[in-house]
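Residue-level listing of the chains:
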Amino acid sequence: MAGAGGGGCPAGGNDLQWCFSQVKGAVDEDVAEADVISTVEFSHSGDLLATGDKGGRVVIFQREQENKSRPHSRGEYNVYSTFQSHEPEFDYLKSLEIEEKINKIRWLPRQSAARFLLSTNDKTIKLWKISERDKRAEGCNLQDEDGRLRDPSSVTALRVPILKPMDLMVEANPRRIFANAHTYHINSISVNSDHETYLSADDLRINLWHLEITDRSFNIVDIKPANMEELTEVITAAEFHPHQCNVLVYSSSKGTIRLCDMRSSALCDRHSKFFEEPEDPSSRSFFSEIISSVSDVKFSHSGRYMMTRDYLSVKVWDLNMESRPVETHQVHEYLRSKLCSLYENDCIFDKFECCWNGCDSAIMTGSYNNFFRMFDRTTWRDVTLEASRENSKPRASLKPRRVCAGGKRKKDEVSVDSLDFSKKILHTAWHPAENIIAVAATNNLYIFQDKAN
Amino acid sequence: MSQKQEEENPAEETGEEKQDTQEKEGMLPERAEEAKLKAKYPSLGQKPGGSDFLMKRLQKGQKYFDSGDYNMAKAKMKNKQLPSAGPDKNLVTGDHIPTPQDLPQRKSSLVTSKLAGGQVE
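Looking at an unreviewed UniProt entry, chain B carries the name Alpha-endosulfine, with the source organism given as Delphinapterus leucas. Under the UniProt heading Sequence similarities (unreviewed entry), the entry covering chain B gives this text: "Belongs to the endosulfine family." In UniProt, chain B has this text filed under Function (unreviewed entry): "Protein phosphatase inhibitor that specifically inhibits protein phosphatase 2A (PP2A) during mitosis."

Looking at an unreviewed UniProt entry, one finds chain A named Serine/threonine-protein phosphatase 2A 55 kDa regulatory subunit B and attributed to Balaenoptera acutorostrata. According to its UniProt record, chain A has this under Sequence similarities (unreviewed entry): "Belongs to the phosphatase 2A regulatory subunit B family."

In structure tokens:
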């Protein structure tokens, strides 16, 4: 599987020169709510890149083959397929509006010519089959060329249909609909390494599904208290281990991560491992718990580590050590003195995601002002870059950005007070084998590559 | 007293004292922010991560429309116009009886994403 082997994975985020490659989406000043990108995911080979948006639509891009006649196209991503995955619903029984927003997309490993992905909104997960058709049958016996059925009794002679080439057509069909298993809002889906099952997690429960079976799912984690008044924490993210099909982790709004082993019992309410960084009680404030809430958890490709994102930092944990993380990287520590206003405008509840590069030597996560951060785990260097149309000339190098926390602002630095908190980069993805990254900036998708690529 | 000592012998500040000062400085921004918030909202509870906050998160998407209330209100005001929602259309609870006009219309969902249209750069 991907990871350590990964085709000569070069050094991580910073010895590289990141360059603009492409940007997708409209330049409109007024962004329609439906166009806001809500998830980004590369396929296992990296040749497909899927996005989901608040309008329930999925757009899949495909990487062009290197083409001698168009050398500058250099592996660009172009639209391959687009479809409406989810639609808005109203649950009349519970008086609940169900958004069509795609919360997560996860690709299935490739097993045939067709491609499969799981997409989910708050309540329903769907398995989509994306297949190509480039041939058409001509000379059928029971059908006209325009598809009208012939009366069988009118057929006097039989002929063998011929397959003729046609323009490539990419079709997306929903093959399974996994519904009615979640009372609360689904925040995560994760495909198991057994390629047969997957998990879906909501605020209080995690369910296990078989990809072939839609009318049954097994509950494996349930943290709902008998008395809802006693509720103190919710599940924020969950993921299966990349190699051990019996292991999963889930994070909580209190900054803890629990690792569960499905072999130990059918209901994994008791964790096998409990990861929590000890907190200095004297530094506790009103905001402590809120900013410690883990918004994303991701295993490394190797399966040895996992990474968690809380409001101000990214932490890398060794699965063998529960007492504290092995690495802590500050994303935007300068926001600590802005927590009051970030609480008032709800930004403190923003859920940032994080991702590993193919060989686990670097990690990336987003911030505000369309900034995103990369940390190289080997050199311990970090860089802040910006996704902006101002720097969108083909192959233009991205200049590192700096935020000035206080005091005298140097030239080229951005002061904390002039950061645009409406420009959030919540979703980013890193190609599984190469240094290509996809960054979602509200309604635009940026693709950056390293110069050597 | 101890502060005076520090001033007289700044070079002899012990490692521990130095650390205390640094910790205090690190703590200050968050505590200062907390004080700001409490000043603005004095009724803010002690446990921010407690029940109320989490319940709000779990109840996202809840819309309130009672057809019984609606029909009773309609019957009461046969000859008058039904009151329409105030500026905040999302909060149709409490005294205001929501009307079908108040509820969000089912959005047209068949518009192609702009990511799929337009130029390829």
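What chain A contains, in helices and strands, is two helices and 32 strands. Counting over 453 residues, chain A shows a buried share of 53%. Within chain A, contacts between residues at least 6 apart in sequence are counted, and of these 55% link residues at least 24 apart. For chain A, the distance from the average site of its 58 positive side-chain charges to the average site of its 67 negative ones is 5 Å.

Let us now look at the confidence of the model for chain A. Summing up the model confidence of chain A, the mean pLDDT is 92 and the portion of residues at 70 or higher is 95%. Segment residues 1–8 of chain A is flagged for pLDDT under 50; beyond a separation of four residues in sequence, or across chains, it makes eight contacts in the model.

Bringing the pairing of strand S13 (residues 197–201) of chain A into the picture now. Residue and element names in this part refer to chain A. In terms of residue burial, S13 counts as a mostly covered element, since five of its five residues are buried. On S13, burial covers both faces: Thr-197, Leu-199 and Ala-201 on one face and Tyr-198 and Ser-200 on the other are all buried. With four bridges connecting them, strand S12 (residues 188–191) and S13 associate as antiparallel partners. By the bridge assignment, Ser-190 is partnered in S13 with Leu-199. Between S12 and S13, which pair antiparallel and follow one another directly, the connecting turn spans five residues, one of which, His-195, has a positive phi of 60 degrees. Relative to strand S14 (residues 205–210), S13 runs antiparallel, the two sharing five bridges. Pairing of Leu-199 across the sheet is with Leu-208, part of S14. Between S13 and S14, which pair antiparallel and follow one another directly, the connecting turn spans three residues.

Residue and element names in this part refer to chain A. With the rule as written, the count across this model stands at 19 aromatic pairs over all chains. Here Phe-178 and Tyr-198 contribute two aromatic rings whose centre-to-centre distance is 5.2 Å and whose plane-to-plane angle is 80 degrees, an arrangement assigned as edge-to-face. Residue Phe-178 is located in strand S11 (residues 162–178), and its partner Tyr-198 is located in strand S13; the two are separated by 20 residues in the primary sequence. Centroid distance Phe-352 to Tyr-368: 5.3 Å. Interplanar angle 85 degrees. Geometry classified as edge-to-face. Residue Phe-352 is located in the loop between helix H2 (339–344) and strand S24 (354–356), and its partner Tyr-368 is located in the loop between strand S25 (362–366) and strand S26 (371–376); the two are separated by 16 residues in the primary sequence. In this structure, Phe-352 and Tyr-368 share a single accessibility class: buried. Members of the aromatic cluster, connected to one another through ring pairs, are Phe-20, Phe-372, Tyr-446 and Phe-448. Positioned over the ring face of Tyr-305 is Arg-377, at 4.9 Å from the centre of the ring.

Residues and elements named next belong to chain A. Core analysis: the largest hydrophobic core is formed by 22 residues, its most contacted members being Tyr-311, Leu-335, Leu-342, Ile-348 and Leu-419. Elements represented by at least two residues in this core include exactly helix H1 (288–292) and H2. At three residues, H2 tops the list of elements feeding residues into this core. Counting 20 residues, the second largest nonpolar core, distinct from the first, contains Leu-16, Ala-362, Met-364 and Trp-430.

Another aspect to go through is the sheet that holds strand S5 (residues 77–84) of chain A. Residue and element names in this part refer to chain A. An order of S2-S3-S4-S5 is seen for the four strands of this open sheet, with the pairing classed as antiparallel. At either end of the open sheet lies a strand with only one pairing partner, and these are strand S2 (37–42) and S5. Put simply, the sheet's adjacent strands are angled 20 degrees from each other on average, direction ignored. Note that strand S3 (residues 48–53) and strand S4 (residues 57–63) share five bridges and pair antiparallel. Within the sheet, the bridge partner assigned to Thr-51 lies in S4 and is Val-59.

With that settled, the discussion passes to the sheet that holds strand S10 (residues 125–138) of chain A. Residues and elements named next belong to chain A. Ordered by their spatial adjacency, four strands build an open sheet running S8-S9-S10-S11, and the pairing between neighbours is antiparallel. In the strand order of this sheet, the two ends are held by strand S8 (104–107) and S11, each with one partner. Here the strands of the sheet are splayed against their neighbours by 25 degrees on average, with no regard to which way each runs. Where S8 and strand S9 (residues 115–120) come together, four bridges link them in antiparallel fashion. Residue pairing in the sheet places Ile-105 in a bridge with Ser-119 of S9.

This part covers the environment of Asn-345 of chain A. Within the secondary structure, Asn-345 of chain A sits in the loop between H2 and S24. On the basis of relative accessibility, which here comes to 40%, the residue Asn-345 of chain A falls in the partly exposed class.

What follows deals with the environment of Pro-88 of chain A. Tracing the backbone through its elements, the reader meets Pro-88 of chain A in the loop between S5 and strand S6 (89–91). In this structure the C-alpha to C-alpha distance between Pro-88 of chain A and Ala-433 of chain A, which are 345 residues apart in sequence, comes to 36 Å.

Moving on, we get to the interface of chain A and chain B. The interface of chain A with chain B comprises 67 residues on the first partner and 41 residues on the second. Counting the surface chain A buries against chain B, the share from its top three residues, Glu-97, Phe-286 and Cys-340 of chain A, is 14%. For the pair chain A and chain B, the interface holds four salt bridges. In this structure, the connection of chain A to chain B is made through eleven residue pairs in polar contact (both at pLDDT 80 or more). Of all the secondary-structure elements, those providing two or more residues to the side of chain A that touches chain B are strand S1 (18–24), S3, S4, S5, strand S7 (96–98), strand S16 (235–240), H1 and H2 of chain A.

Thresholds, definitions, all that
Residues numbered from 1 in each chain as written. Chains lettered and ligands numbered in written order. Predicted model: local features only at pLDDT ≥ 70, side-chain atom pairs only at ≥ 80, totals over all residues. Heavy atoms only, no water. UniProt positions renumbered as here; feature names shortened; annotations may be inferred. Helix = DSSP H or I, 4+ residues; strand = E, 2+ residues; numbered from the N terminus. Buried < 20%, exposed > 50% of the residue type's maximum accessible area, 1.4 Å probe, protein only. Contact = heavy atoms within 4.5 Å. Lys, Arg positive; Asp, Glu negative; His and termini not counted. Charge placed at Lys NZ, Arg CZ, Asp CG, Glu CD. pLDDT = per-residue confidence, 0-100. Pairing = 2+ DSSP bridges. Phe/Tyr/Trp six-rings, centres within 6.5 Å; stacked < 30°, edge-to-face > 60°. Lys NZ or Arg CZ within 6 Å of the ring centre and 35° of its normal. Core = buried A, V, L, I, M, F, W, Y, C linked by side-chain atoms within 4.5 Å. Axes fitted to C-alpha atoms, helices over the stretch in contact; angles between N-to-C directions. Buried area = accessible area lost by both parts, 1.4 Å probe. Salt bridge = Lys/Arg side-chain N within 4 Å of Asp/Glu carboxyl O. Polar contact = N/O pair within 3.5 Å; in protein donor to acceptor, adjacent residues only side chain to side chain.

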